[in-house]
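The lines below spell out each chain.
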Amino acid sequence: NKWLWLAVTGFALGILNKYNIAFQLLGLLPALLLVKQRDVFLKPAFYGALLLALLLILPNVYWQYKNDFPVIHHMQELTSSQLVNVSRAHFLQEQLLYFFGSILVLIAGLLSIVLYKPFKPYKVILLGFLFTMVLFLYFRAKGYYAIGLYPILLAFGATWFETWAAKGWKKWVIRPLLLVFPLLIFMLMLQKGAFPTQSPAAIVADSDMNKKMGLHRWEDGKDHPISQDFADMQGWKELAGIVDSVYATIPDKEHTLVRCDNYGQTGAINYYSKFPKINALSYNADYIYWFPKNVQWKNMIMVTEVYDDDPERKDERPYFDSIYFAGKISNEFAREKGTSVYVLLGAKPVVTPIILQEAEDRKKH
């Protein structure tokens, strides 16, 4: 029964992270072959758990099948454009940073599986962790892909500390220290700007330590003024404000399409816009499947990336009565500084079929 629940829980949690479920499974299977529990492969309960897990993820698998498995295309793009720049040394460095405040518990978890007799039957957990980390290193995974591996190790470490420090002086000294230590580490990291609680300008002014820790290294493999996640957030409200300012001037909002170049722009507009029915769309990511087929578009607000090669909108001018530039992201710390907004009014009847065909073509490729 414990293996049944282990497998079901692992699969159910694993489907929540499309990037690392395969790595975790590939790491666990050879680990099982090296321990006494390898007889699990001979038990019907194990295959019953696999079947139950398959039923849990079947809706997602069916959707992937119906849409030509877009996750594969996404991973191919990710590998060629981002993972190729990942440093293996930086990957290992990030593992320490993610759990720096609980590093003592994590080390205890790793060691206790080997040294603490009651935990020795669970060596498969440690072996699975090691095998999976090797896979992550080989494929140059991003640091946070491995985060899902640690909760169970923290559970082992916490359980061991609970037992070891249950009596005597340890109860009154070690236990309080274990509570205070992560708080002190958090306060120190907060003071040094490891978390984006300050303005970008303040972080830049005191960024030496963060750069040394690799916190400002982006997926392109280079150091930047602020962290990538924080830079991603810069300009979101500004972009939504520009779009809202022109969207408000268009009387026929029902037939006005807000079309963005990527899902980040799309999500930012849909979240921060003051118009709840603005429904920005994109040919990027899952948004490509949500273009309505029963709307005849008459106007378009186009959001283009900074690398757009047609600022004069020469390609679109034959299809609209008028086109004008509305504004661009000017935040100097924004990762997408220069993202531009154009307003295209009076669409020809052929525009809607072209948009739907472009969406279909992107799905296929």
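It should be emphasised that the depicted structure is a prediction, and the values quoted were computed from it without experimental measurement.

(A) Main features of the packing of helix α6 (residues 103–115) against helix α7 (residues 123–138). Contact geometry for α6 and α7: axes closest at 9 Å, N-to-C directions at 130°. Relative to α7, the element α6 is oriented oblique. Judged by the twist between their axes, the crossing of α6 over α7 is left-handed. Taken together, the residues of α7 that come into contact with α6 (itself represented by Leu110, Ile113 and Val114) are Lys123, Ile125, Leu126 and Phe129.

(B) Spatial organisation of unusual backbone geometry. The phi dihedral of Ala285 falls on the positive side, at around 55°, and the residue is not glycine. Of note, Ala285 is situated in the loop between β2 (281–282) and β3 (299–304). Given the relative accessible area of 40%, Ala285 is considered partly exposed.

(C) Local environment of the sheet that holds β2. The strand order β2-β1-β3-β5-β4 describes an open sheet built from 5 strands, whose pairing is mixed. Of all the strands in the sheet, just β2 and β4 (320–328) have a single pairing partner and so form its edges. Both β3 and strand β5 (residues 340–347) contribute to a ladder of 5 bridges, which runs antiparallel. Bridge pairing in β5 places Ile301 opposite Val343. Helix α13 (residues 236–247) rests against β1 (256–260), β3, β4 and β5 of the sheet, and its axis sits at about 145° to β4. Contacting β1, β2 and β3, helix α14 (residues 263–272) runs over the sheet at an angle of about 135° to β1.

Reading guide: rules and limits
Residues numbered from 1 in each chain as written. Predicted model: local features only at pLDDT ≥ 70, side-chain atom pairs only at ≥ 80, totals over all residues. Heavy atoms only, no water. Axes fitted to C-alpha atoms, helices over the stretch in contact; angles between N-to-C directions. Helix = DSSP H or I, 4+ residues; strand = E, 2+ residues; numbered from the N terminus. Parallel < 35°, antiparallel > 145°, perpendicular 65-115°, else oblique. Left-handed = near helix turned anticlockwise from the far one by under 90°. Contact = heavy atoms within 4.5 Å. Buried < 20%, exposed > 50% of the residue type's maximum accessible area, 1.4 Å probe, protein only. Pairing = 2+ DSSP bridges.

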